[in-house]
Amino acid sequence: MKEKNQSGVIPKNYTGKIIDTERSVDFDSAAEAKAFFEVTSKRLLDVNSWGELAGVGTSDFQVVDPEGKEANRPVQQEDYFKVDVPGPGSMTGEGYDWVRVEEIKSVSEADMESVGIRVRPCPNPHNPDPEVAHFYSKESTSNFTVTREGKRITAGIYDRNTKLNKEGDLVDKARQFVVGLSAIAAFSKFQWHRLAEGLLER
């Protein structure tokens, strides 16, 4: 599939795996699609609601501001996501996986609109340990977009440069190996499939 990268947040893949997930809905008119795009873009930026949108068996997400405090607002650049993945958590992450918001961009043209978010695995902001607190490596990114093209809206999640994180102590390395392999093999696809569907729920 050709990625929806109108916002420009999705980087090129130069190492590791590509994991793509897309879902689309069509409307009878561009006006209807434009109105629903406002709904989906607000859902995309309301990261704290992603667990509810994706449903049972998926991860929970909490926005944490640059000072390390939980934030109940739309996500902003330089925020963190504190991610509660089903199963055992990261020791370095104090039970969670952590990513940092590198970029949020939006574009709007006559018959196209798009919003995109890029995040990258990072250290736990509450822990002085500089090691990445995530089952993916620091080269990896997850990129979340919603795009309207005419009467069609597409929710896309694109993992790029996806590799296992080999940092950490023996416990974290074992956990990252097991969780990371399952994520690359199946869980990310399931998680992002459910999230994409939730973003487009009418």
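The structure we're discussing is the one just above.
Definitions and limits used
Residues numbered from 1 in each chain as written. Predicted model: local features only at pLDDT ≥ 70, side-chain atom pairs only at ≥ 80, totals over all residues. Heavy atoms only, no water. Helix = DSSP H or I, 4+ residues; strand = E, 2+ residues; numbered from the N terminus. Areas by Shrake-Rupley, 256 points an atom, 1.4 Å probe, with all protein chains shown as cover. Pairing = 2+ DSSP bridges. Expected span 1.5 Å × (residues − 1). Buried < 20%, exposed > 50% of the residue type's maximum accessible area, 1.4 Å probe, protein only. Core = buried A, V, L, I, M, F, W, Y, C linked by side-chain atoms within 4.5 Å. Contact = heavy atoms within 4.5 Å. Polar contact = N/O pair within 3.5 Å; in protein donor to acceptor, adjacent residues only side chain to side chain. Phe/Tyr/Trp six-rings, centres within 6.5 Å; stacked < 30°, edge-to-face > 60°.

**Student:** Just to check I follow, could you spell out the overall build of the protein chain for this structure?
**Tutor:** A count of helices and strands for the protein chain gives 3 helices and 7 strands. Listed N to C, the secondary structure of the protein chain is β-α-α-β-β-β-β-β-β-α in terms of helices and strands. On the protein chain, roughly 9,500 Å² of surface is accessible, and the fraction owed to carbon and sulfur atoms is 53%.

**Student:** Is there a simple way to explain the pairing of strand S4 (residues 97-109) in this structure?
**Tutor:** Looking along a regular strand, one sees side chains alternate from face to face of the sheet. Direction of pairing for strand S3 (residues 80-84) relative to S4: antiparallel, over a ladder of 4 bridges. Counted as the bridge partner of Phe-81 is Val-99 from S4. Of the pairings in the sheet, the one linking S4 to strand S5 (residues 112-121) comprises 10 bridges and is antiparallel in character. Of the residues in S5, the one forming a bridge with Ser-108 is Glu-113. Hairpin remark: S4 followed by S5, antiparallel, with 2 residues in the connecting loop.

**Student:** What's the story with helix H1 (residues 30-45) in this structure? I'm lost.
**Tutor:** Since the α-helix advances by 3.6 residues per turn, residues separated by three or four positions end up pointing in the same direction. Taking 1.5 Å per residue as the helical rise, H1 with its 16 residues ought to reach 22 Å, and the 22 Å between its terminal C-alpha atoms agrees with that figure. The set of residues buried in H1 consists of Ala-33, Phe-36, Phe-37, Thr-40, Ser-41 and Leu-44.

**Student:** How should the nonpolar core be read in this particular structure?
**Tutor:** Nonpolar side chains in soluble globular proteins tend to be buried together. Core analysis: the largest hydrophobic core is formed by 34 residues, its most contacted members being Leu-44, Trp-50, Phe-81, Ile-117, Phe-144, Ile-153 and Leu-195. Not counting chain neighbours up to four residues away, the residues in contact with Phe-81 comprise Val-47, Trp-50, Phe-61, Gln-62, Val-75, Asp-97, Trp-98, Val-99, Val-101, Ile-117, Val-119 and Phe-144. In terms of nonpolar packing, the next biggest core, distinct from the first, is built from 5 residues, Val-64, Trp-98, Cys-122 and Ala-133 among them.

**Student:** Before we go on, may I ask you to explain the side chain of Arg-160 in this structure?
**Tutor:** In this fold, Arg-160 is placed in strand S7 (residues 152-162). A polar contact is formed between the side chain of Arg-160 and the side chain of Asp-20, at a distance of 2.6 Å.

**Student:** Whenever I open this one, the packing of aromatic side chains confuses me. Can you help?
**Tutor:** Here the distance between the centres and the angle between the planes together describe a pair of aromatic rings. In total, this model carries 9 aromatic pairs according to the counting rule given. Arranged with centres 5.2 Å apart and planes meeting at 70°, the rings of Trp-50 and Phe-61 form a pair that is edge-to-face. With Trp-50 in helix H2 (residues 50-54) and Phe-61 in strand S2 (residues 60-64), this residue pair connects regions lying 11 residues apart in the sequence. Exposure remark for Trp-50: the relative accessible area of 0% places this residue in the buried category. For Phe-61, a relative accessible area of 7% corresponds to the buried category. Taken together, a centroid distance of 6.3 Å and an interplanar angle of 90° make the contact between Phe-61 and Phe-81 edge-to-face. Of this pair, Phe-61 sits in strand S2 while Phe-81 sits in strand S3, and the two are 20 residues apart along the sequence. Counting every residue linked through ring pairs, the aromatic cluster contains Trp-50, Phe-61, Phe-81, Phe-144 and Trp-192.

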